Amino acid sequence: MQFLELPDDILIEIFQLIEGPTFRKKFVTLSAIRRTCKRLAPLVQPQMFTELQTKIDGLHVPTVNELADIHGRHVRTLRLDLRINMKVQDIPSDTHIHDLDVRMAILISKLPSVRELDVLAPCDKTVSLPNLTYALRDFHEVRHFRLIEETSRTRDNASDVVHGLSDDLICALTKFNGKNLTSFVFDGDSFASAEAFTTVRDHMPRLSTLLVRSWIGPRCFQILQEDTPWACTDTLQVLSLQNCQAITADIVARGLSTKRWATNLRILELIRCGVHGSSHDLSQTFPLPIPTLQRLTLEHPSAWELDILAKLPARHVTLTLLPRECAKQLVQEGMFPRMEKLTVTKLSDGTRDDRAIEAVCQQRGVELVKDPKWIIGCDCGFTE
């Protein structure tokens, strides 16, 4: 059977496999196929519009709106840039922002099949896009939601942003579509309001991946200590918390041991969480069985945090920005039950060696790996 004789459904699957370094390259490839073969043209054309990237104040938005009237139902991936360009001396008027807001809301209302939503938003409490926010309520097919904040020159302090644009977008999408979300990523500087955090906690029953930087701040501290189970307790498998001030070792221990957070967690990352110099309930233990983690990553943990977190069972443990002697002692004392592999940062000091930790790892049957990377790092002058 020749290629053109293949059934339509197989041809469509083949076209879906076409990739490129950028979506534009993929678009050019598919466009060439469409123009050169009448048999393939009607099958290729929908694949040309599976991904859409647009900017709120982009000059091409009217054209994109026209295309969405015809091909909007084919869009599966939507990337929105909500930053409004302006000169240093200019501040956009409320009328201008309203017009952009309405125009963008009209566009996304024509995209009923979006599965993956990426949003680049300003970390600015002065920006509000109510029409766009309301339109997100109809995004019932979204499975993956990623929100990245970029600090604006007009912001006072990112941590002071409450009920800002990011929280509005999160609440709108999560309250009306949270039941379908399987991954949520927030990479920004602002702290969540209590409403936004409880919305995420209570409205994502199918969530398998949660990655958050900074967002879980002081306003979430009391909520984290409540006995309310997370909606994703039975589905959450990957939890990455980075630079979150409200996340402390005892809160993590309580959330996991009581199984309020997750019953089947596979990957846990705690990266520079809590507040430097803080300490909490040092007597916290793990009274209930905890499934063995596939991977546990701790970056810049303090001694009191390790007294708690080193009891977690994990097969692959990564410890960064931790004194080498401390890492050696943890291995020697049998911490991290079921550990099979340990990754540590390479020593930057050429005058020292790792024979001591290599020896204790070999004695315990743990593979030692040295990696020069860390996730966030620290400016405290720490050396391993």
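Computed from a prediction, not measured in an experiment: that's the story for all the values here.

### What to know about the overall build of the protein chain
Tallying secondary structure elements over the protein chain gives 13 helices and twelve strands in all. Within the protein chain, the proportion of its 384 residues that are buried is 48%. Long-range contacts, defined here as pairs at least 24 residues apart, represent 80% of the contacts in the protein chain between residues at least 6 apart. When the accessible surface of the protein chain is totalled, it reaches about 19,000 Å², and 51% of it is carbon and sulfur.

### Section: a nonpolar patch on the surface
There is a patch of nonpolar side chains on the surface, built from Phe 3, Leu 4, Ile 10 and Ile 14 and spanning about 310 Å² of accessible area. Mapped onto the elements, Phe 3 comes out in the segment before helix H1 (8-16).

### Remarks on helix H12 (residues 324-332)
Among the residues of H12, Arg 324, Ala 327, Lys 328, Leu 330 and Val 331 are the ones counted as buried. The arc enclosing the buried residues of H12, seen along the axis, measures out at 160°, which places them on a common side. Of the exposed residues in H12, those oriented more than 90 degrees away from the buried face are Glu 325 and Gln 332. In the stretch just after H12, Gly 334 is the one whose phi turns positive, near 80°.

### Some thoughts on the environment of Val 344
Positionally, Val 344 belongs in strand E11 (residues 341-345). Overall, the relative accessible area of 1% leaves Val 344 in the buried class. Linking Val 344 and Leu 319, residues 25 residues apart in sequence, is a C-alpha distance of 5.2 Å. Not counting residues within four places of it along the chain, the set of residues in contact with Val 344 comprises Leu 319, Arg 324, Leu 368, Val 369, Lys 370 and Asp 371.

### Quick look at the nonpolar core
Judged by nonpolar contacts, the single largest core of 95 residues is most densely connected at Trp 215 and Ile 216. When neighbours within four sequence positions are excluded, Trp 215 is seen to be in contact with Asp 167, Ile 170, Phe 184, Phe 186, Ser 190, Phe 191, Ala 192, Ala 196, Phe 197, Val 200 and Cys 244. Judged by nonpolar contacts, the second largest core, of nine residues, contains Leu 11, Ile 18, Leu 40 and Leu 43.

### A short note on the pattern of salt bridges
One pass over the full model with this rule turns up 21 salt bridges. Close ionic contact of Glu 226 with Arg 201 constitutes a salt bridge, the shortest N to O distance being 3.1 Å. Note that Glu 226 is positioned in the loop between helix H9 (221-224) and strand E7 (238-242) and Arg 201 in helix H8 (residues 194-202), a separation of 25 residues in sequence. Among the residues examined, Glu 226 registers a relative accessible area of 33% and is labelled partly exposed. The partner of Arg 355 in a salt bridge is Asp 353, and the shortest N-O contact between them spans 2.9 Å. For Asp 353, a relative accessible area of 45% puts it in the partly exposed group. Each of Glu 51, Arg 79, Asp 118 and Arg 146 takes part in one network of salt bridges that share partners.

### Let's talk about the side chain of His 74
Inspection of the secondary structure puts His 74 in the loop between helix H4 (61-71) and strand E2 (77-81). Residue classification places His 74 among the buried positions, given a relative accessible area of 16%. What His 74 contacts, discounting residues up to four positions off in sequence, is Pro 46, Phe 49 and Thr 50.

### Concerning the pairing of E2
In terms of burial, E2 is a largely internal element, four of the five residues being buried. Across five bridges, strand E1 (residues 51-55) lies against E2 in parallel orientation. By the bridge assignment for E2, Lys 55 is matched with Asp 81. Handedness of the β-α-β unit built from E1, H4 and E2 comes out right-handed.

### A look at unusual backbone geometry
A positive phi angle is found at Ser 214, which is not glycine, with a value near 75°. A relative accessible area of 4% places Ser 214 in the buried class. Unlike most non-glycine residues, Arg 338 shows phi in positive territory, near 70°. Note that Arg 338 resides in the loop between H12 and E11. Classification of Arg 338 by relative accessible area gives exposed; the value is 52%.

Scoring rules and cut-offs
Residues numbered from 1 in each chain as written. Predicted model: local features only at pLDDT ≥ 70, side-chain atom pairs only at ≥ 80, totals over all residues. Heavy atoms only, no water. Helix = DSSP H or I, 4+ residues; strand = E, 2+ residues; numbered from the N terminus. Buried < 20%, exposed > 50% of the residue type's maximum accessible area, 1.4 Å probe, protein only. Contact = heavy atoms within 4.5 Å. Areas by Shrake-Rupley, 256 points an atom, 1.4 Å probe, with all protein chains shown as cover. Patch = residues over 30% accessible without salt bridge, like charges linked within 9 Å, V, L, I, M, F, W, Y side chains within 5 Å. Salt bridge = Lys/Arg side-chain N within 4 Å of Asp/Glu carboxyl O. Arc of directions from axis to C-beta. Core = buried A, V, L, I, M, F, W, Y, C linked by side-chain atoms within 4.5 Å. Pairing = 2+ DSSP bridges. Right-handed = clockwise from strand over helix to strand, strands pointing away.

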